[in-house]
Amino acid sequence: GMADPVEDELVSSLARPGGNVTGTTFLGPELVSKRLQLLKEIVPGLSRVVVLWHPDAYGQRTMSGMLKEIESTAQSLGTKLQLVPATSPDELSTAFAAMTAQRADGLIVFPSPMLFSQYSRIVTFAANNHLPAMYAAREAVELGGLASYGVNLPNLSRATATYLDKILKGAKPAELPVQQPTKFELVINLKTASALGLTIGRDLVQIADEVIE
């Protein structure tokens with residue numbers, strides 16, 4: 001489950017990996033701008049957004065792609081960004097302090113296996129600081145986060161299991177295309193929205209794949 005295996009130089013192309021690596025991608029850089037757009041819809045007065053990111057989560061070119069995407073979108077939306085890095089769970093406390101000092105209107109959490117493992121702490125921080133937050137995976141929303149937009153990770157894992165079966169039966173990874181998601185899901189927690197004093201528009205509720213009440 002990689003953000004961008006081509007940019008990370010793990011495969012030659014998604015269609016023909018060409019080496020000894022294949023698997024799945026959740027299209028990391030392409031989705032960060034959509035998350036900011038959705039957060040802007042949920043929080044109409046959004047003007048200052050803090051971005052919690054793990055600089056070493058993926059390859060340098062992939063991370064640069066994510067930053068470029070969200071900075072470009074923020075500029076077009078007239079939103080100011082503040083990037084706050086955390087390279088390990090131990091650094092989250094420092095990151096939280098820096099985020100609090102920014103007095104932001106919203107929070108975007110970048111994709112990262114490390115940050116994913118810390119969703120419970122991040123969700124609690126966002127709630128305690130009355131901060132509307134957008135996540136990369138639905139698991140954060142199930143823990144009480146406001147909203148998420150991205151691929152369904154359990155489904156991605158099932159696709160990995162299918163490839164594992166094929167490779168164990170003799171298929172060559174070089175010839176197995178990197179599987180791309182065909183569906184992205186928007187999940188919204190209305191209970192959290194209410195606690196934040198937000199009213200989620202009817203149109204947004206209707207297009208959500210799941211609404212937690």
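Up top is the structure these notes are about.
Read on for an overview of the structure. (Residues numbered from 1 in each chain as written. Predicted model: local features only at pLDDT ≥ 70, side-chain atom pairs only at ≥ 80, totals over all residues. Heavy atoms only, no water.)

Turning our attention to helix 5 (residues 119-128). Within helix 5, burial applies to Tyr-119, Ile-122, Val-123, Phe-125 and Ala-126. Along the axis of helix 5, the buried residues cluster in a sector spanning 160 degrees; they form a single face. Of the residues in helix 5, the exposed ones pointing more than 90 degrees away from the buried face are Ala-127 and Asn-128. Along its buried surface, helix 5 packs onto strand 1 (48-53), helix 3 (92-102), strand 3 (106-109), helix 4 (113-117), strand 4 (133-135) and helix 6 (138-142). (Buried < 20%, exposed > 50% of the residue type's maximum accessible area, 1.4 Å probe, protein only. Helix = DSSP H or I, 4+ residues; strand = E, 2+ residues; numbered from the N terminus. Arc of directions from axis to C-beta. Contact = heavy atoms within 4.5 Å.)

Here we come to the sheet that holds strand 6 (residues 185-189). Read from one edge to the other, the open sheet built from seven strands follows the order 2-1-3-4-5-6-7, with strand pairing classed as mixed. Each end of this open sheet is capped by a strand with a single partner; those strands are strand 2 (80-85) and strand 7 (210-212). Strand-to-strand twist of the sheet, defined as the mean angle between neighbouring strand axes without regard to direction, takes the value 20 degrees. Pairing between strand 5 (residues 147-150) and strand 6: four bridges, direction antiparallel. Bridging from a neighbouring strand, Tyr-149 pairs with Leu-186 of strand 6. Together, strand 1, strand 2 and strand 3 form the strand contacts of helix 2 (residues 60-77), whose direction differs from that of strand 2 by roughly 155 degrees. (Pairing = 2+ DSSP bridges. Axes fitted to C-alpha atoms, helices over the stretch in contact; angles between N-to-C directions.)

Let's shift gears to the pairing of strand 3. The two faces of the sheet receive side chains in turn, since in a regular strand these alternate between them. Of the two faces of strand 3, the one holding Gly-106 and Ile-108 and the one holding Leu-107 and Val-109 are both buried throughout. As defined by bridge partners, strand 1 adjoins strand 3 across four bridges and the pair is classed as parallel. Its bridge partner being in strand 3, Val-49 is matched across the sheet by Gly-106. In this sheet, strand 4 lies alongside strand 3 in parallel orientation, the contact comprising two bridges. Across the sheet, the residue bridging to Leu-107 is Ala-133, located in strand 4.

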